[in-house]
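These are the residues of each chain, in order.
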Amino acid sequence: MSTATTQALADLATAARLIASATAVLSDPGIAPGHAACFGILAEQLGAAQTRAQIHVAHAVRRSGAHKLDQPSLQAVAQAGADPSLPNLAAAEGQTTAGRTAFRSARFFLQDWLDIPRSAAHDRLIQADCLIGGVDEAGQPLSPWLEELAADFAEPAIDPRLVAATALKLHSTRKDLPDGAAGAEQKQRLQSDARQLIHSEPKSARKHIADMVAQVKAGKRPLKALLDEVGLFRRGTRRGLIEYILRVLPSQAAVIEAHFARTGNRATQAGDRQGLQEAEAEFTGDPGEGWDDEATKPDWAREGNTDPPGADPGADPDLEPAPDADAEPDTEPEAAGTPGDRAPAWEDLRPERRRLIGLMALLLKDHRANDGTSASRAGLATAQVSIILDYEKMLSGAPRYAVSSSGLAFSPGELRAAMCNAGIYPVILNGQSLPLDLGRTQRLFTKAQGRAIRAAYRGCAYPGCAMPVERCELDHLDAWENGGCTDIHSASLCCPVHHVERHCGLFHAVKISGCRPMVLLSPDLDPEQQLRINTYFMTPDEALAAEELAQRMTAQWRAGQLEIEIVDP
């Protein structure tokens, strides 16, 4: 079996080289149209084969326990990948360890060692469960969750991409199916109908299967299925704005709607026009429709005048004005901020904007009792934002020199407004991302030191780790028990997992004089042994600058021009 798998891996390496070579030739702009069509057919066949292989990879990694390989084995595998000769492949069988492993599970191995996106790794493991079979806690194989579709997945004549996508769709209904025999019967019916669509109408099967799944979820869904989908999700950046998706239960929606109703009611304090205007100015720095002094106010806004804007001072307030026969019919008010137009009055702003202001005011509210103690109720958190000012950019007059601890850039107006608010901590950094003049040395880091370190490093030090800074631990790079000091320049941040892994020697922190700490991964993960920085929570400009800094430091280190300290576990 070992000889057979070694030869199969060698064949796979040869196939990869042949595909790359053929693609380079067939990418010629002068390719004949018939050959281009043949190129398309063969490439799609390769894509189908690759999809099948990728799902088998996920199953093989989990079934064999590849995420438990020890460091020498991972190094041998990395060498075989770089040079897939028969001797190297034969030496890459590897051994697993019962001690601390570099990867917690097969998903983390796929994600961190093979650089597969998190969502793709998750999906492939689900598809392996449905179409190949799972593994129980004792490591014993389990039957595939969709046995009929598993047979189709193994059939070479059927496109595995369609079968794999169908398996994901059907798996998404697992919490919507009833318990017991009724649920098993409904799952079997869904699977049979999906197979019939795949065999009879493959081109429209995706749409019809999606409709089938939607019908299952459209009924009365069990609570466990609803709770699995609620939450506040960050969608990303679009047209300069950060988008979130909020999914809540009806009972939670009722509370939110009630809050919106109070904010939209001008008769309440929450909907007060002047108060909302001041609240938004706290975020944007734009005073909006304010007036410098009494002389600049229009007549209707001056003290003692209760007439609404545009009203005739001598008219009876109980009588409606007669319509103007020559007036144009009513039209919808234009959106706020239309170039060249006067900004609409606050009463005419869209409800969505008023609601956002009310929500932000609620989030920044200091939820403390009258005696100054913190509220004990779960969920009532007072938001604290650290704003990092780039000292050199600020002095040079750069248009943007401030960013939040979560990596969001601030405009000058937003920055000026934020600096006036409670709960905002400005932190000035030098060009090497070192906090300046904060805290003092003692056994444990002070709050000021911790705030500065979290603001500077944003999150876990391990490259690619997405653990937010609030869930990371301060890490002494100078061990206190060995006489080290608790200084900011000798501190790092690690999530609980990578903190333990660093102390187990699975990777190393690197101290560089006058610069932020960096990371040196194990040779199997990084054969080139580059100094690295986690840029996950940085802005694109900051990430590029950090990568350039790491490359420059690596080059100087290799040239013997830079002294570094590889921190012991």
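Quantities reported herein were computed from a predicted structural model and do not represent experimental measurements.

Criteria and cut-off values
- Residues numbered from 1 in each chain as written.
- Predicted model: local features only at pLDDT ≥ 70, side-chain atom pairs only at ≥ 80, totals over all residues.
- Heavy atoms only, no water.
- Pairing = 2+ DSSP bridges.
- Helix = DSSP H or I, 4+ residues; strand = E, 2+ residues; numbered from the N terminus.
- Axes fitted to C-alpha atoms, helices over the stretch in contact; angles between N-to-C directions.
- Contact = heavy atoms within 4.5 Å.
- Salt bridge = Lys/Arg side-chain N within 4 Å of Asp/Glu carboxyl O.
- Buried < 20%, exposed > 50% of the residue type's maximum accessible area, 1.4 Å probe, protein only.
- Core = buried A, V, L, I, M, F, W, Y, C linked by side-chain atoms within 4.5 Å.
- Patch = residues over 30% accessible without salt bridge, like charges linked within 9 Å, V, L, I, M, F, W, Y side chains within 5 Å.
- Areas by Shrake-Rupley, 256 points an atom, 1.4 Å probe, with all protein chains shown as cover.
- pLDDT = per-residue confidence, 0-100.
- Parallel < 35°, antiparallel > 145°, perpendicular 65-115°, else oblique.
- Nonpolar A, V, L, I, M, F, W, Y, C, P; charged D, E, K, R; others polar.

**Observations concerning the sheet that holds strand S8 (residues 508–512)**
Taken together, the 3 strands give an open sheet; going across it, the order is S9-S8-S10, and neighbouring strands pair in antiparallel fashion. Every interior strand has two partners, whereas the edge strands, strand S9 (518–520) and strand S10 (564–566), have only one. For this sheet, the mean inter-axis angle between neighbouring strands, taken without regard to orientation, is 35 degrees. Across 3 bridges, the pairing between S8 and S10 is antiparallel. Bridge pairing in S10 links Val510 to Ile566. Running at roughly 60 degrees to S9, helix H19 (residues 540–558) makes contact with S8, S9 and S10 of the sheet.

**Notes on the pattern of salt bridges**
On inspection of all chains with the given rule, the structure shows 14 salt bridges. Its salt-bridge partner being Glu148, residue Arg195 comes within 3.5 Å of it at the nearest N-O pair. You can see Arg195 sitting in helix H9 (residues 180–200) and its partner Glu148 sitting in helix H7 (residues 147–153), a full 47 residues away along the chain. Overall, the relative accessible area of 23% leaves Arg195 in the partly exposed class. Between Asp475 and Arg502 there is a salt bridge, with its nearest N and O atoms 2.6 Å apart. With Asp475 in strand S6 (residues 473–476) and Arg502 in helix H18 (residues 496–503), the pair connects residues that are 27 residues apart, well separated along the chain.

**Re the nonpolar core**
Counting 24 residues, the largest nonpolar core has Leu131, Leu149 and Leu170 as its most contacted members. Of all the secondary structure elements, the ones that give two or more residues to this core are helix H6 (118–131), H7, helix H8 (160–171), H9 and helix H10 (202–218). Setting aside residues no more than four positions away along its own chain, Leu131 makes contact with Pro144, Leu149, Ala150, Phe153, Val163, Ala164 and Ala167. With 21 residues, the next largest nonpolar core counts Ala452, Tyr457, Cys465 and Ile488 among its residues.

**A closer look at a nonpolar patch on the surface**
On the surface, a cluster of nonpolar side chains totalling about 460 Å² of accessible area is made up of Leu232, Ile242, Tyr244, Leu246 and Val248. Tallying contributions element by element places strand S2 (residues 241–247) first for the nonpolar patch, with 3 residues. Residue placement: Leu246 occurs in strand S2.

**Quick notes on the confidence of the model for the chain**
Per-residue pLDDT for the chain averages 78, and the proportion of residues at 70 or more is 73%. Highest mean pLDDT in the chain belongs to H6 (95); lowest belongs to strand S5 (residues 424–429) (53). Predicted confidence is poor over residues 289–293, with pLDDT under 50, and the contacts of this stretch with residues over four places away or in other chains come to 13 contacts. Low pLDDT, under 50, characterises residues 430–441; the predicted model gives this stretch 38 contacts beyond four residues in sequence or across chains.

**A word on the packing of helix H2 (residues 33–64) against H8**
H8 packs onto H2 with a crossing angle of 40 degrees between their chain directions and a minimal axis gap of 8 Å. It follows that H2 is oblique to H8 by the angle criterion. Residue-level inspection shows Glu44, Gly47, Ala48, Thr51, Arg52 and Ile55 of H2 in contact with H8, the latter providing Pro160, Arg161 and Ala164. Each residue belonging to the contact of H2 with H8 can be placed in one class, and the counts come to 4 nonpolar, 2 polar and 3 charged.

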